[in-house]
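What follows is each chain in one-letter form.
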Amino acid sequence: MDERFALAGKGLWYLFLSVIFVLGGAVALIVPIIGWIACPFLMIAGFVLQFVGPYTARTAHANFQNAFYLSLVALVLGIVSALVPDEGFLAGLVSIISDALGFVFTYLICTAAGELLAEKGDAEQAARAELLWKLAAGCAVVSILCTLTGWVPVLGAVVGVAGVIASIVSFVASILEIIFYYKASNSLKAV
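Residues numbered from 1 in each chain as written. Predicted model: local features only at pLDDT ≥ 70, side-chain atom pairs only at ≥ 80, totals over all residues. Heavy atoms only, no water.

Asker: Quick question: what am I supposed to make of the environment of G150 here?
Answerer: Mapping G150 onto the fold places it in the loop between α5 (123-149) and α6 (156-189). Taking the relative accessible area as the measure of exposure, G150 reaches 45% and is therefore partly exposed. (Helix = DSSP H or I, 4+ residues; strand = E, 2+ residues; numbered from the N terminus. Buried < 20%, exposed > 50% of the residue type's maximum accessible area, 1.4 Å probe, protein only.)

Dropping the structure here:
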């Protein structure tokens, strides 16, 4: 078996676990006291695994390495965003940059995984990788447009409706992403 496939599969598995831990942390908040204790640990574990995934797969494809570096930039942006007020121009700008970075991260992961899956002969998962980054692109564009038009008070209602639709599509894309990480990881790790 090509070692690149195994490394990419392992990296995608860490990304799968990352999403599961973050979702687990969010769901844990429903349970009083225990959830409040478990949530931070699950969120931190998911956050760390989001770095470990691309780092593990970095030698399998250059885009995994680029995604790792991009996640470091996103970490710095996250720290900066904690220092920025929740509303106003600067908050909108940080939101736009964050949306763009999120899309580029997804694009890098999906194109790297897609190319390796196609090389391995798993056309179904390679096609799913392409679908995912295209969905991420659409969601990022709508989110950025919502942020930009949100600065125009007259367009508030239109932005609200578009934001709800984009949130639903983004939620569906997130579910597809979880499934993709799982299936692509298993496909690449298989002999």
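Asker: Could you clarify how one ought to interpret the pattern of salt bridges in this entry?
Answerer: Pairs can form between side chains of opposite charge once their charged atoms are near each other. Per the stated rule, a full pass over the model turns up three salt bridges. A salt bridge links R4 to D2, with the nearest nitrogen and oxygen atoms 2.8 Å apart. The exposure class of R4 is partly exposed, given its relative accessible area of 26%. In this structure D2 comes out as partly exposed when scored by relative accessible area, which is 29%. Two residues, E119 and R4, come together in a salt bridge whose shortest N-O distance is 2.2 Å. Note that E119 is positioned in helix α4 (residues 89-120) and R4 in helix α1 (residues 3-28), a separation of 115 residues in sequence. A residue is classified by how much of its surface remains accessible, and E119, at 48% relative accessible area, is partly exposed. In the salt-bridge network here, residues are joined through shared partners; they are D2, R4 and E119. (Salt bridge = Lys/Arg side-chain N within 4 Å of Asp/Glu carboxyl O.)

Asker: Would you take a moment to explain the packing of aromatic side chains for this structure?
Answerer: Aromatic ring pairs: the centre-centre distance and the angle between the two ring planes describe each pair. For the structure on display, the rule yields nine aromatic pairs. A centroid spacing of 5.8 Å and a plane angle of 55 degrees characterise the contact between F68 and Y69, whose relative ring orientation is tilted. With relative accessibility at 15%, the residue F68 sits in the buried group. With a centroid separation of 6.1 Å and an interplanar angle of 40 degrees, the aromatic rings of F103 and Y107 are classed as tilted. Of this pair, F103 and Y107 are both found in helix α4, four residues apart, which corresponds to roughly one turn of the helix. (Phe/Tyr/Trp six-rings, centres within 6.5 Å; stacked < 30°, edge-to-face > 60°.)

Asker: When you look at the layout of surface pockets in this model, what are you seeing that I'm missing?
Answerer: By rolling a water-sized probe across the atoms, one finds the places where empty space is left. Volume-wise, the largest pocket comes out at about 1100 Å³. Q50, G102, F105, T106 and E177 are, among the 38 residues lining the largest pocket, the residues nearest its centre. Elements supplying a minimum of two residues to the lining of the largest pocket: α1, α2 (34-57), α3 (62-83), α4, α5 and α6. Tallied by class, the residues present in the lining of the largest pocket amount to 24 nonpolar, twelve polar and two charged. (1 Å grid on protein atoms, 1.4 Å probe; cavity = no way out; pocket = protein on both sides within 12 Å on 5 of 7 lines; lining within 4 Å. Points joined across faces, edges and corners; volume = space filled by probe spheres on them. Nonpolar A, V, L, I, M, F, W, Y, C, P; charged D, E, K, R; others polar.)

Asker: So what exactly am I meant to see when it comes to α5 here?
Answerer: Every α-helix winds through 3.6 residues per turn, so residues three or four apart in the chain are directed the same way. In this model α5 runs 39 Å from its N-terminal to its C-terminal C-alpha over 27 residues, within 8% of the 39 Å that 1.5 Å per residue would give. Where α5 is concerned, the buried positions are Q125, A126, A129, L132, A136, A137, C139, A140, I144, C146 and T147. (Expected span 1.5 Å × (residues − 1).)

Asker: Even after reading the chapter, I still don't get α1, so can you show me in this structure?
Answerer: With 26 residues, α1 extends 37 Å from end C-alpha to end C-alpha; this agrees with the ideal 38 Å at 1.5 Å per step. Within α1, burial applies to F5, A8, G9, G11, L12, L15, F16, S18, G25 and A28.

Asker: Any chance you could explain the environment of V48 here in plain terms?
Answerer: Among the structural elements, V48 can be located in helix α2. For the pair V48 and A62, spaced 14 residues apart in sequence, the C-alpha to C-alpha distance is 21 Å.

Asker: Looking at this structure, I do not really get the environment of S187. What am I missing?
Answerer: Looking at where S187 falls in the secondary structure, it is placed in helix α6. Residue classification places S187 among the buried residues on the basis of a relative accessible area of 11%. Sequence separation between S187 and L17 is 170 residues, and the spatial gap between their C-alpha atoms is 16 Å. In this structure the side chain of S187 is engaged in a polar contact, spanning 2.6 Å, whose partner is the side chain of D122. (Polar contact = N/O pair within 3.5 Å; in protein donor to acceptor, adjacent residues only side chain to side chain.)

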